[in-house]
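Here is what each chain is made of, one letter per residue.
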Amino acid sequence: MTIATSQDISAVSFIEPSLAGLSVGIPKEVFAGEQRVAATPDTAKKLQKLGFQILVESQAGVIASFTDQAYESAGCQIVPNAQTLWQAADIVLKVRPPQWHPTLNCHEADLLKPDAALVSFIWPAQNPELMEKLAERGGTVLAMDAVPRITRAQKLDALSSMANIAGYRAVIEAANQFGRCFTGQITAAGKTPPAKVLVIGAGVAGLAAIGTARGLGAMVKAFDTRPAVKEQVQSLGAEFLELHFQEDGTGQGGYAKVMSQAFIAAEMALFGQQAKEVDIIITTALIPGKQAPLLITREMVESMKPGSVVVDMAAEQGGNCEVTQPGEIITHNGVTIIGLTDLLSRMAAQASQLYGNNLYHLLHDLGGSTHFAINLEDEVIRATTVIHNGLVIWPAPKIETPTPSQPEAQSATPTATPQKSLVGQLVWPITLGLLFVAIGLWAPESFLTHFTVFVLASFLGWKVIWDVIPALHTPLMSVTNAISGIIIIGGMLQISSDVTSPITILGAIALFLGTVNIAGGFMISQRMLNMFHR
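A brief look at the structure comes next. (Residues numbered from 1 in each chain as written. Predicted model: local features only at pLDDT ≥ 70, side-chain atom pairs only at ≥ 80, totals over all residues. Heavy atoms only, no water.)

### Section: a nonpolar patch on the surface
Counted only if it meets this: Patches here: salt-bridge-free residues with over 30% relative accessible area, like charges joined within 9 Å, nonpolar side chains (Val, Leu, Ile, Met, Phe, Trp, Tyr) joined within 5 Å. Under the convention used here, a 1.4 Å probe and the Shrake-Rupley method define accessible areas, while residue burial counts only the protein chains that appear. Any Lys or Arg side-chain nitrogen located within 4 Å of an Asp or Glu carboxyl oxygen qualifies as a salt bridge. Put simply, DSSP marks the helices as runs of H or I at least four residues long and the strands as runs of E at least two long, and each gets a number from the N terminus on.
On the surface, a cluster of nonpolar side chains totalling about 600 Å² of accessible area is made up of I505, L506, I509, F512, L513 and V516. Position of L506 among the secondary structure elements: in helix α16 (residues 502-530).

Quick look at the structure:
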């Protein structure tokens, strides 16, 4: 396998479009049980707006409920077989990494044109032989699993969009195998308690599972080695289980990292205790590039109540549960173990739509058909590109975070700075003091009373607003503004029977504006607070 150096690659490379524009090929997935497709009729229309011609292999989306007629209606061209499609396409979009094609009796990587680009899940760390085979073809490969998890790349983050669906589906599968309702019920026939669910791992999949289980009425607990997710778990209405360890499990890219042996021992003790109490355990723990960690032992499964359910979402990478059998649903000691590896295919239509949107955004960022270019100076494109013109450029170099520059050493000889005289510093306090004395001596008593209230109200208002931490300014400012509606009282006191009096008119205006301020302030506050509730 040829590993590229910085001298071997150019910053920007292009695929020269034909007069008809670049063509995008959507082959039928050959992985056993895979029902997703890389583009739906809806996302195909979006790609056409970028100038691409869309070629779809016959029957590519039929299992996901997208017929050939639907693609043709969307303006796509149906290609009869995979070999024709791979040879005609300038860019091939796939879901699963290329593998042996049972019909053509060859590897899909051998079908890629030397000057073409492949966009798919690749998993380069787990598939070194595939990387070598693809590099030999001389093309360019972009791995959707290598998209960096940064804010700017969220629209391309296929891992998150797929994990969200998988977490939802995991709860649906658990509910199908569980012998009771998730929500508690009180009926004439008796009372049933709510199901107790433990979600291990509060990443995208875990949070989706928590939200779904809570939506079905279950009591949900969650655990994660990353303390930063505690507030997210609690915002979904779940209880966050904590270990009192001064150890943070946050790894690179927001993933979890391998913890110390002491932490793991305490973690396993916690899981053993919870296994006896809960009805359903959903595990989502994965560390990129490593086998799934073992979290639920055989003894824990055997300690669970009969009729309980374990959903092992990491089954395809070895499983978090010791008795999991990947791809199967088994029963061990009265406990159902769900080791399905096709959760996404069980929601193929929606998963294909979201994945197709991720691919659309990637091709949009690459310039569309007329300006298609692999710009390796773009940190997102650089991280996603694993093979560039036949050269393996994975992994991408880490982005160096600039360190704050050290302050220059001060000169040994201090520089003279102008100092204000004591008289100059006291000018304003003395002036204000004399002004207040003059007001107290010559102003009417009624004015002095109102002026004192005004000064105190101004000071109080300043303290109320400026002593609030910046993080709370947005939801709280509307409330503090509503507090200023106290002017309503002043306006009411100034209103008299003389409707033509300027004082009465001003009081009425103050009353109206104060009412609007109070009502509007609390309406805005309520809308903001509702954003944090389900």
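What follows picks up the thread again.
### A closer look at the sheet that holds strand β9 (residues 140-143)
Formally: Two strands make a pair as long as DSSP finds a minimum of two bridges between them. Here, residues are in contact when the closest pair of their heavy atoms is within 4.5 Å. Axes here refer to lines fitted to C-alpha atoms; in helices the fit is confined to the stretch in contact. Angles between the N-to-C directions go from 0 to 180 degrees.
The strand order β4-β3-β2-β5-β8-β9-β20-β21 describes an open sheet built from eight strands, whose pairing is mixed. Both outer strands of the open sheet, β4 (77-79) and β21 (391-392), are each paired with one neighbouring strand and no more. Note: strand β2 (residues 23-26) against strand β5 (residues 91-93), two bridges, orientation parallel. The partner of V24 across the bridge, within β5, is I91. Contacts from helix α10 (residues 348-365) reach β2, β5, β8 (117-120) and β9 within the one sheet, and its direction differs from that of β8 by about 140°.

### Digging into α10
Test applied: To estimate the expected span of a helix, subtract one from its residue number and multiply by 1.5 Å. Burial here depends on accessible area, computed with a 1.4 Å probe over protein chains only, as a share of the maximum for the residue type. Under 20% is buried, over 50% is exposed, and the range in between is partly exposed.
The terminal C-alpha atoms of α10 lie 26 Å apart, and with 18 residues this matches the ideal 26 Å at 1.5 Å per residue to within 8%. Within α10, the full set of buried residues consists of A348, A351, S352, Y355, G356, N357, N358, L359, Y360, L362 and L363. Two residues or fewer past α10, G367 is found with a positive phi of approximately 105°.

### Observations regarding the pattern of salt bridges
Considering all chains together, one arrives at 18 salt bridges under this definition. Put simply, E277 and K221 hold a salt bridge, and the shortest N to O gap is 3.4 Å. Residue E277 is found in helix α8 (residues 261-277), and its partner K221 is found in strand β13 (residues 219-223); the two are separated by 56 residues along the sequence. We classify E277 as partly exposed; its relative accessible area is 32%. Here the salt bridges do not stand alone but share partners, grouping E34, R36, R96 and E316 into one network.

### So, the packing of helix α1 (residues 41-49) against α10
To keep it simple, the criterion reads: Roughly parallel refers to an angle under 35 degrees, roughly antiparallel to one over 145, roughly perpendicular to one between 65 and 115, and oblique to any angle outside these ranges. For this scheme, ten residues count as nonpolar: Ala, Val, Leu, Ile, Met, Phe, Trp, Tyr, Cys and Pro. Four count as charged, namely Asp, Glu, Lys and Arg, and the remainder, Gly too, count as polar.
Their axes nearest at 9 Å, the elements α1 and α10 cross at an angle of 10°. Judged on the interaxial angle alone, α10 and α1 are roughly parallel. Contact residues: D42, T43, K46 and L47 in α1; Q353, G356, N357, Y360 and L363 in α10. Tallied by class, the residues present in the contact of α1 with α10 amount to three nonpolar, four polar and two charged.

### Focus on the environment of Q48
Within the fold, Q48 resides in helix α1. Along the backbone, Q48 and V24 are 24 residues apart, and their C-alpha atoms lie at a distance of 9.5 Å. Beyond its immediate stretch of four places on either side in the chain, Q48 contacts I54, A74, G75 and C76.

### Description of a negative patch on the surface
Note the cut-off: The charged-residue count follows a simple rule in which Lys and Arg add positive charge and Asp and Glu add negative charge, with His and chain termini not counted at all. Each charge is placed at NZ for Lys, CZ for Arg, CG for Asp and CD for Glu.
On the surface, D110, E129, E132 and E136 cluster together into a patch of negative charge. Inspection of the secondary structure puts E129 in helix α4 (residues 128-137).

### Considering the sheet that holds strand β12 (residues 196-200)
As summarised here, the arrangement of the seven strands in space is β14-β13-β12-β15-β16-β18-β17, forming an open sheet in which the pairing is mixed. Looking along the sheet, the strands with just one partner apiece sit at the ends: β14 (239-241) and β17 (329-332). Strand-to-strand twist of the sheet, defined as the mean angle between neighbouring strand axes without regard to direction, takes the value 20°. Relative to strand β16 (residues 309-312), strand β15 (residues 280-283) runs parallel, the two being bridged by four bridges. When the bridges of β16 are listed, I280 appears paired with V309. Running over the sheet, α8 touches β12, β13, β14 and β15 and is turned about 165° from β13.

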